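Each chain, written out:
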Amino acid sequence: MLQLFFAIAFSAVPLTLYLPPIRSLNLFVETMEDLMRQTTVYTLRTYPRVRLACSRLLASILRIRSR
């Protein structure tokens, strides 16, 4: 069991090298917030259309299967 613990622990150590420093993380978070802000308007406008298209497609599939 101890060997398994050390194997997992030492295999996870290199993963810490992939974590960005905090100053880079703040820029990433700011960019993601900006992206979400820009896409929210578009998403709110297209969501009802996509929902309607999916419901019509599902209804037509169910109608074909019921015959």
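All of these numbers come straight from a predicted model, not from anything done at the bench. As a convention, each chain's residues are numbered from 1 in the sequence order in which they are written. Selection of residues for local features in this predicted model requires a pLDDT of at least 70, selection of side-chain atom pairs for listing and counting requires 80 or more, and totals for whole chains, interfaces and linings are taken over all residues. The side-chain numbers reported here are obtained from all heavy atoms of the structure, hydrogens and water having been left aside.

**Remarks on the overall build of the chain**
Each helix corresponds to a stretch of at least 4 residues labelled H or I by DSSP, and each strand to a stretch of at least 2 residues labelled E; elements are numbered beginning at the N terminus. Summing up its helical and strand segments, the chain has two helices and zero strands in all. Throughout this description, buried means an accessible area under 20% of the type-specific maximum (1.4 Å probe, protein chains only), exposed means over 50%, and partly exposed covers the range between. In the chain, buried positions account for 1% of the 67 residues. Accessible surface area values rest on a Shrake-Rupley calculation with a 1.4 Å probe, where residue burial reflects the displayed protein chains alone. Accessible area of the chain: about 6900 Å², with a carbon and sulfur share of 69%.

**Things to note about a nonpolar patch on the surface**
For patch detection, residues must exceed 30% relative accessible area and be free of salt bridges, and they are connected within 9 Å for like charges or within 5 Å for nonpolar side chains (Val, Leu, Ile, Met, Phe, Trp, Tyr). Criterion for a salt bridge: a side-chain nitrogen of Lys or Arg within 4 Å of a carboxyl oxygen of Asp or Glu. A cluster of nonpolar side chains, contributed by L25, F28, V29, M32 and L35, occupies part of the molecular surface with about 420 Å² of accessible area. Within the secondary structure, L25 sits in helix α2 (residues 22–66). On the accessibility criterion, L25 (35% relative accessible area) is partly exposed.

**What to know about the pattern of salt bridges**
What the rule picks out here adds up to one salt bridge. Here R37 and D34 are joined by a salt bridge, their closest N and O atoms 3.6 Å apart. Remark: D34 and R37 occur in helix α2; sequence separation between them is three residues, near one turn of the helix. Overall, the relative accessible area of 54% leaves R37 in the exposed class.

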